[in-house]
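# Residue-level structure breakdown
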Amino acid sequence: MKLAKTLESRLLKFWILLLFQISSILCSIFVLHHMFTAKKFRRTLSSHVIIAMLIVSLLSVTVDLSLTLIYLRLGIVHPKLNLFCFFWMYIDFSFYTCGMLLTAWASFERHILVFSVRYFRLSYRMIFVHYVPILICLIYPFIFYNYSILFYSCENDLLDFQRTLCGVPCFKRESYVLNWYDTLMHSVVPSILIVACYMALLIRVIRQKHRLQQQLFSWGKQRQIIIQLLTVTCLCITMNVPLFTIILI
């Protein structure tokens, strides 16, 4: 009876995730195609980090989620190889952290784009304050997890082929410093920054609009950036609430 319930639970998760995976891939491809083909979006600074987030999300849903679906369908990690487990952990943690860091940076950069867009008129400022942070958000997670997952040596690598990701990466068990650095810097702190930056942006917009009495500051011109950030913020926080609850407990 217990085995039957476990099988039914796995298959239910499989079909639900498969449905959302197909929808997500189609939507991501459609939006990315629209942003790449429309000159307006390609040249708009606020769109660049969104494009990067969409690409990371598409790769995560296509590769990482597909591995999860295979596990749910079979009830076991396949193929049963240590190297495969490390690869799965590596891409899962890297894609997640890329998404969190990009969202946090987008939340902060919106302040510049809304109130000080002239700051980017100089090319060197655009390179170092706009493009370089995006590249860091994309490259840094892969470097960090390259060390902590692929090269960090543990006395006993306890890989469980009956669990998703083959269990927890060994650095989470063996290194207190790396574990809490990963949790705080890649999950908790970015989420706090996302919420704080959005709330600060909303307050600044309302104050600016009231102070200038709608003469020099146009809410309509900035509404798209703020609504875009609100959507990403709400989705990010909603998805991370269970994780943060477990961490606090």
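Each chain carries its own residue numbering, running from 1 in the written order of its sequence. At least 70 in pLDDT is required for a residue's local features to be given in this predicted model, at least 80 for side-chain atom pairs to be given and counted, and no such filter applies to totals for whole chains, interfaces and linings, which use all residues. Heavy atoms from the whole structure form the basis of all side-chain values; hydrogens and water molecules are not counted.

The condition is simple: UniProt positions are given in the numbering used here, feature names are shortened, and annotations may be inferred rather than shown by experiment.
Going by what an unreviewed UniProt entry lists, the chain is known as G-protein coupled receptors family 1 profile domain-containing protein and is assigned to Rotaria magnacalcarata. Under the UniProt heading Subcellular location (unreviewed entry), the note attached to the chain is "Membrane".

### As for empty space enclosed by the protein
Note the following rule: Cavities and pockets are defined on a 1 Å grid built over the protein atoms alone: a cavity is a set of grid points where a 1.4 Å probe fits but cannot escape, while a pocket is an open set with protein on both sides within 12 Å along at least five of seven lines, and lining residues are those with an atom within 4 Å of any such point. Grid points are joined across faces, edges and corners, and a volume is the space filled by probe spheres set on the points. Elements are defined by DSSP. Helices are runs of H or I of four residues or more, strands are runs of E of two residues or more, and each kind is numbered from the N terminus. Think of it as three bins: nonpolar holds Ala, Val, Leu, Ile, Met, Phe, Trp, Tyr, Cys and Pro, charged holds Asp, Glu, Lys and Arg, and polar takes everything else, Gly as well.
Summed over all chains, the structure comprises two cavities of 30 Å³ or more. Taken as a whole, the second largest cavity holds about 30 Å³ of empty space. Lining of the second largest cavity is provided by Leu67, Ile70, Tyr71, Val77, His78, Phe84 and Trp88. Mapped by element, the contributors of at least two residues to the lining of the second largest cavity are α3 (45-74) and α4 (82-115). Looking at which element gives the most residues to the lining of the second largest cavity, the answer is α3, with three residues. Grouping the constituent residues of the lining of the second largest cavity by class yields six nonpolar, one polar and no charged.

### A closer look at α3
Think of an α-helix as 3.6 residues a turn; residues three or four steps apart then line up on the same face. Applicable threshold: One less than the residue count of a helix, multiplied by 1.5 Å, gives the span that helix is expected to have. Take the seven residues that end at a residue and the seven that start at it, fit an axis to each, and the angle between those axes is the bend at that residue.
Helix length check: α3, at 30 residues, gives a terminal C-alpha distance of 44 Å against a target of 44 Å (1.5 Å per residue), a fit within 8%. A bend of about 30 degrees at Leu65 is the largest found in α3. At the C-terminal side of α3, Gly75 shows a positive phi close to 80 degrees.

### Details of the layout of surface pockets
Roughly 1,900 Å³ of internal volume is contained in the largest pocket. Ser57, Ser60, Val61, Tyr96 and Met239 are the residues nearest the centre of the largest pocket, which is lined by 39 residues in total. For the lining of the largest pocket, the secondary-structure elements that each account for two or more residues are α1 (2-37), α3, α4, α7 (176-212) and α8 (219-248). Ranked by residue count, the leading element in the lining of the largest pocket is α3, at ten residues. Among the residues making up the lining of the largest pocket, the classes are represented as 21 nonpolar, 14 polar and four charged.

### Re α4
What counts here: We call a residue buried when its accessible area falls under 20% of the maximum for its residue type, exposed when it is over 50%, and partly exposed in between, using a 1.4 Å probe and counting protein chains only.
Between its terminal C-alpha atoms α4 stretches 50 Å, which fits the 50 Å expected from 34 residues at 1.5 Å a residue. The largest bend in α4 comes to about 30 degrees, at Glu109. Burial runs high along α4: 25 of the 34 residues are buried.

### A short note on a nonpolar patch on the surface
Here is the rule: Note that patches include only residues with greater than 30% relative accessible area and no salt bridge, and the join distances are 9 Å for like charges and 5 Å for nonpolar side chains (Val, Leu, Ile, Met, Phe, Trp, Tyr). All accessible areas in this document rest on Shrake-Rupley with a 1.4 Å probe, and a residue is counted as covered only by the protein chains that are shown. One side-chain nitrogen of Lys or Arg within 4 Å of one carboxyl oxygen of Asp or Glu is enough to make a salt bridge.
Taken together, the side chains of Tyr176, Val177, Trp180, Tyr181, Leu184, Met185, Val189 and Leu193 present a nonpolar region at the surface, about 770 Å² in accessible area. Looking at the element boundaries, Leu184 is found in helix α7. Note on Leu184: relative accessible area 36%, which makes it partly exposed.

### Focus: the state of the cysteines
Note the cut-off: Cysteine sulfur pairs qualify as disulfides if the two atoms are within 2.5 Å.
Taken as a whole and judged by the stated rule, the model has one disulfide. In this model, Cys85 is linked to Cys166 through a disulfide, with the two sulfur atoms separated by 2.0 Å. Where Cys85 bonds to Cys166 through sulfur, the torsion about that S-S bond is close to -65 degrees, and the disulfide is left-handed. Of this pair, Cys85 sits in helix α4 while Cys166 sits in the loop between α5 (123-151) and α6 (170-174), placing them 81 residues apart in sequence. Cys166 shares its class with Cys85; the two are buried.

### Description of the packing of α4 against α5
Note the cut-off: Angles shown run from 0 to 180 degrees and are taken between the N-to-C directions of axes, each axis being a line fitted to C-alpha atoms and, for helices, limited to the stretch in contact. For classification purposes, an angle smaller than 35 degrees is called roughly parallel, one larger than 145 roughly antiparallel, one from 65 to 115 roughly perpendicular, and anything else oblique. Each helix crossing is assigned a hand: it is left-handed if the near helix lies turned anticlockwise from the far helix by less than a right angle, otherwise right-handed if that turn is clockwise.
Running from amino to carboxyl end, α4 crosses α5 at an angle of 155 degrees, the nearest separation of the two axes being 9 Å. Considering the angle they form, α4 stands roughly antiparallel to α5. As α4 runs across α5, the sense of the crossing is right-handed.

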